[in-house]
Structures are given as C-alpha cells and as structure tokens.
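# Observations on the model geometry
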Amino acid sequence: MAVQSEPDYSLFTAQEIEFVAEDELIEIVPNMRMDPLNLICGDFGPFLPQIATQVPLWLAVALKKRGKCTIRPPEWMSVEKLTRVLEAERDSEREFQLIPFHYVEISRLLFDHARDDIPDIYMVRSLIEDIRDVRFHKVQSSLETFDGRTSAVQIKSLSAMEVNIVRPFVARALQSFQKLDSLLPETDSMPNNQPQEADKASKGRRVLRGR
C-alpha cells in the first residue's frame, strides 16, 4: 500500500526568485549601435547611442557588464519615493504599501551590477532595508492572529520574497488546524434535543379541563 506523502511546501531559493525577477523590464541607455534582438520573451531594439530603450533586467545586466550601456534605476528607487513608502509603512500597522513585486531582487541586482548608475546609493540601500524590515515585522504580526478557526489567509500587496517566506508557514499551520479539528469528538446533540422532544410530548397529551 502506497504511503501518501506530505504536501511540498518547500521554499524557493533566493537565486530562483532572482531568476524570475530578471524578466522584469528596465530602461537602459546604450552607447553602441546594435540591430534588434528577437528573443523568446519578445523583440528588443534596435539599440542606438544615447537613445533610451527598455529591455529585460538580465539583458541590461549583461550589456552593463560589457560596458555597452548605463542602466536607469526605476522611478520607485528614488530617495524621495522610498522615504514616502517607508513613512506610510510605519504609519499603517496592518496595511502594506503597493510596491513592485520583485523590489528586493531588482534592487539587489542593481546594487551588485550598476552601483555607479544609482544616485545616492547608500541612502537608497538603507531605505530599502528599512522598508523590508518594517514589512516583515507586519507580516509576523499578521500571522500572530492565527487560531483554530482560521480557514484562509489574505494579506494584500506582499512581495515575492515575503510570499516565499510566509507560504510554507501558513500552509502547514492551516493543515495542522484541519488535522486537530478531525481529531476532536463530535458534539453530542442529544441534550439539546431532549427539551424539544418533551415539548412535542406535552403537545400530544390530552388536556383535562375541570368541570
């Protein structure tokens, strides 16, 4: 008889999530001429000097390594916008701000391969780390509300990294609650039915009236 295996709730590795994030589009400014590239994920180019164009992040990093372009950081990576996001995250104890799904992976790739293209890189890095810490603390606080009556979980605007961390815990917790519910004895309904049966019996009796 085959043994039923436990569901697989294993985490993706950081490298696997980063691999997915590399398909996000980002703007580059080429310093060379090159014909269009016809790729499985789409057509990109032609590439002309000092003419900005959008390419997948992996292609931007590859061209950057070869000195063929500069990378323009996304608008959300400015100090001004990150500061507003951080303040909003701190002001709201439960709600998460809407930020790019792969903000952690995109910023890490740009920090590693395009440091010279990011204005105020140290401040930007510090703000992103603070945002990540505040959001993770809020995730932990949300999970503390779990109990045996929880049947589903909805936390809006999580990033890929946060979903990857939370998913295995939530899945195993819900599965444990279901197992505990199945082990509990069913509530005996007989005492609740006795008064109703007594009422029915009294209604069926003949009432004797005095003369």
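Structure: see above.
One structure accompanies this document, and this report is about it. Treat the numbers as computed from the prediction; the structure is a model and nothing was measured.

Cut-off values and rules
Note on numbering: residues in each chain are counted from 1, in written sequence order. Restriction of local features to residues with pLDDT of at least 70 applies here, the model being predicted, together with a cutoff of 80 or more for giving and counting side-chain atom pairs; totals for whole chains, interfaces and linings are based on all residues. Computation of side-chain values: all heavy atoms of the structure, hydrogens and water removed. When DSSP finds two or more bridges between a pair of strands, those strands are recorded as paired. Numbering goes from the N terminus for both helices and strands, where a helix is a DSSP run of H or I of at least four residues and a strand is a run of E of at least two. Under this scheme, a helix contributes an axis fitted over its contacting stretch, all axes are lines through C-alpha atoms, and angles between N-to-C directions fall in the 0 to 180 degree range. Grouping buried Ala, Val, Leu, Ile, Met, Phe, Trp, Tyr and Cys residues that are joined through side-chain atoms within 4.5 Å yields what is termed a nonpolar core. The buried label applies to any residue whose accessible area, calculated with a 1.4 Å probe on protein chains only, is under 20% of its type's maximum; exposed applies above 50%, and partly exposed to all values in between. Throughout, a residue-residue contact means that at least one pair of heavy atoms, one from each residue, lies within 4.5 Å. Roughly parallel means an angle under 35 degrees; roughly antiparallel means over 145; roughly perpendicular covers 65 to 115; every other angle is labelled oblique. Gly is put with the polar residues, along with every residue not named as nonpolar or charged; the nonpolar set is Ala, Val, Leu, Ile, Met, Phe, Trp, Tyr, Cys and Pro, and the charged set is Asp, Glu, Lys and Arg. The definition of a polar contact used here is a pair of N or O atoms within 3.5 Å, where within protein one atom must be able to donate a hydrogen and the other to accept one, and adjacent residues in sequence count solely through side-chain atom pairs. Pairing of aromatic side chains here covers Phe, Tyr and the six-membered ring of Trp, requires ring centres within 6.5 Å, and sorts the geometry by plane angle: under 30 degrees stacked, over 60 edge-to-face, intermediate tilted. Lysine and arginine charges are scored as sitting over a ring when NZ or CZ, respectively, is within 6 Å of the ring centre and within 35 degrees of the ring normal.

### Quick look at the sheet that holds strand β5 (residues 69-72)
- Taken in spatial order, the three strands line up as β4-β1-β5 in an open sheet, and their pairing is antiparallel. The sheet is open, and its two borders are formed by β4 (53-56) and β5, each paired with just one other strand. Neighbour-to-neighbour, the strand axes of the sheet open up by a mean angle of 45°, direction not taken into account.
- With four bridges joining them, strand β1 (residues 25-30) and β4 adopt antiparallel strand pairing. Note on β4: the bridge partner recorded for Ile-26 is Val-55.

### Remarks on the nonpolar core
- By size, the foremost hydrophobic cluster in this structure holds 34 residues, and its most contacted members are Ile-28, Ile-71, Met-77, Leu-110 and Ile-128.
- Mapped onto this core, the elements with two or more residues apiece are β1, α2 (57-65), β5, α3 (79-91), α4 (103-113) and α5 (121-143).
- Ile-128 has contacts with Trp-76, Met-77, Leu-82, Tyr-103, Ser-107 and Phe-111, leaving out every residue within four places of it along the chain.
- Membership of the second largest hydrophobic core comes to five residues, among which are Phe-96, Val-139, Leu-158 and Val-166.

### What to know about the packing of α2 against α4
- Where α2 contacts α4, the two axes come as close as 11 Å, and the packing angle between them is 5°. Judged on the interaxial angle alone, α4 and α2 are roughly parallel. Here Leu-57, Val-61, Lys-64 and Lys-65 of α2 come into contact with α4, specifically with Ile-106, Leu-109, Leu-110 and His-113.
- Of the residues in the contact of α2 with α4, the class split is five nonpolar, one polar and two charged.

### A short note on α4
- Here α4 lies mainly inside the structure; eight of its eleven residues are buried.
- Within the span of α4, buried status applies to Tyr-103, Val-104, Glu-105, Ile-106, Ser-107, Leu-109, Leu-110 and Phe-111.

### Examining the side chain of Asp-117
- Position of Asp-117 relative to the elements: it lies in the loop between α4 and α5.
- Its relative accessible area of 14% is what places Asp-117 among the buried residues.
- A distance of 2.9 Å separates polar atoms of two side chains, one belonging to Asp-117 and the other to Lys-64.
- Contact partners of Asp-117, with chain neighbours within four places excluded, come to Lys-64, Thr-70, Ile-71 and Pro-73.

### Remarks on the packing of aromatic side chains
- All chains considered together, the criterion is met by zero aromatic pairs.
- One residue, Arg-125, lies across the ring of Phe-111, its end atom 4.6 Å from the ring centre.
- The ring of Phe-96 carries Lys-138 above its face, with NZ or CZ at 5.0 Å from the centroid.

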